[in-house]
Amino acid sequence: MKKFLKQAFLTASIAVSIIMSSEAFTRAEDLIVRDSSGNLRLYPFQNNTFYNNGGGTIVGNGFNFTNYLVADWTGDGIPDLIVRDSSGNLRLYPFQNNTFYNNGGGTIVGNGFNFTDYFPGDW
Ligand SMILES: [Ca+2]
């Protein structure tokens with residue numbers, strides 16, 4: 001019985017590993033664009049194409065900033081935006097549930113950033 005349970009546990013562990021790795025495997029980068037009106041539009045990239053993936057969904061508006069820094073600032077595995085406004089403030093816009101809306105975006109997380117270039121990374 002003990003051997004059976006050990007084998008069952010091992011089988012279940014392998015199944016979970018396969019499911020998790022296939023989930024990770026299917027994750028791919030997508031594209032968010034900013035149009036001339038300051039709307040952010042999400043274009044999912046699936047099956048190696050932008051076609052037929054419901055592209056162009058507006059996920060934010062009023063984005064008229066100087067710099068846009070993409071990184072997972074909140075640490076949940078999903079990219080977010082930190083933007084720099086014309087006064088040198090850095091504002092955090094978390095991305096959750098496939099949108100910037102209703103995620104407490106625009107929180108000032110820094111000021112006095114008046115530099116030439118910005119390089120996000122887990123330095
Ligand atoms: Ca995040």
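Remember, predicted model here, so these are calculated numbers, not experimental data.

Participant: What's the story with the overall build of the chain in this structure? I'm lost.
Facilitator: Summing up its helical and strand segments, the chain has 1 helix and 7 strands in all. The helix and strand sequence of the chain, counted from the amino end, reads α-β-β-β-β-β-β-β. Put simply, the chain has 123 residues, and 9% of those count as buried. Once local pairs closer than 6 in sequence are excluded, the contacts in the chain between residues at least 24 apart make up 19%.

Participant: Could you clarify how one ought to interpret the sheet that holds strand β7 (residues 107-110) in this entry?
Facilitator: Strands in a sheet are paired, the pairing made by backbone hydrogen bonds, and the direction either parallel or antiparallel. Spatial ordering of the open sheet is given by β4-β5-β6-β7, a layout of 4 strands whose pairing is antiparallel. The open sheet is flanked by β4 (67-71) and β7, the only strands paired with a single partner. Strand-to-strand twist in this sheet, taken as the mean axis angle between neighbours without regard to direction, amounts to 35°. By the bridge criterion, 4 bridges tie strand β5 (residues 80-84) to strand β6 (residues 90-93) in an arrangement that is antiparallel. Following the sheet pairing, Leu81 is matched in β6 by Tyr93.

Participant: Just checking my understanding: could you explain the sheet that holds strand β1 (residues 31-34) for this structure?
Facilitator: With respect to topology, 3 strands assemble into an open sheet ordered β1-β2-β3, the strand pairing being antiparallel. Whereas interior strands pair on both sides, the edge strands pair on one side only; in this sheet they are β1 and β3 (57-60). Ignoring which end each strand starts from, the neighbouring axes of this sheet average 40° apart. In terms of strand pairing, strand β2 (residues 40-43) meets β3 through 3 bridges, oriented antiparallel. Bridge pairing in β3 places Leu42 opposite Thr57.

Participant: Whenever I open this one, the environment of Pro120 confuses me. Can you help?
Facilitator: Looking at where Pro120 falls in the secondary structure, it is placed in the segment after β7. C-alpha separation for the pair Pro120 and Asp72, spaced 48 residues apart in sequence, amounts to 9.6 Å. If near-sequence neighbours (up to four positions away) are discounted, Pro120 is found in contact with Leu69, Val70 and Ala71.

Participant: Teacher, can you tell me more about the nonpolar core here?
Facilitator: Inside soluble globular proteins, nonpolar side chains tend to come together where they are buried. By size, the foremost hydrophobic cluster in this structure holds 7 residues: Leu40, Leu81, Ile82, Leu90, Tyr93, Phe95 and Phe100. Put simply, the parts of the chain that give this core at least two residues each are β5 and β6. In this view, Tyr93 contacts Asp80, Leu81, Val83, Phe100, Gly105 and Gly106; residues no more than four positions away in its chain are not counted.

Participant: Mind showing me how you'd approach the environment of Arg41 here?
Facilitator: Within the element layout of this structure, Arg41 appears in strand β2. C-beta crowding within 10 Å serves as the criterion here: with 16 such atoms nearby, Arg41 is assigned to the partly exposed category. As for Arg41 and Gly60, which are separated by 19 residues in sequence, their C-alpha atoms are 7.3 Å apart. When near neighbours in sequence (up to four residues on either side) are disregarded, Arg41 contacts Ile32, Val33, Asp35, Gly56, Thr57, Ile58 and Val59.

Participant: Would you take a moment to explain the pairing of β1 for this structure?
Facilitator: Consecutive side chains along a regular strand alternate between the two faces of the sheet. Relative to β2, β1 runs antiparallel, the two sharing 4 bridges. Residue pairing for β2: Val33 is matched across the bridge by Arg41. Counted along the chain from β1 to the antiparallel partner β2, the turn is 5 residues long, and its residue Gly38 has a positive phi close to 90°.

Here is what the cut-offs are and how they apply
Residues numbered from 1 in each chain as written. Predicted model: local features only at pLDDT ≥ 70, side-chain atom pairs only at ≥ 80, totals over all residues. Helix = DSSP H or I, 4+ residues; strand = E, 2+ residues; numbered from the N terminus. Buried ≥ 20, exposed ≤ 12 C-beta atoms within 10 Å, placed from the backbone. Contact = placed C-beta atoms within 7 Å. Pairing = 2+ DSSP bridges. Axes fitted to C-alpha atoms, helices over the stretch in contact; angles between N-to-C directions. Core = buried A, V, L, I, M, F, W, Y, C linked by C-beta atoms within 7 Å.

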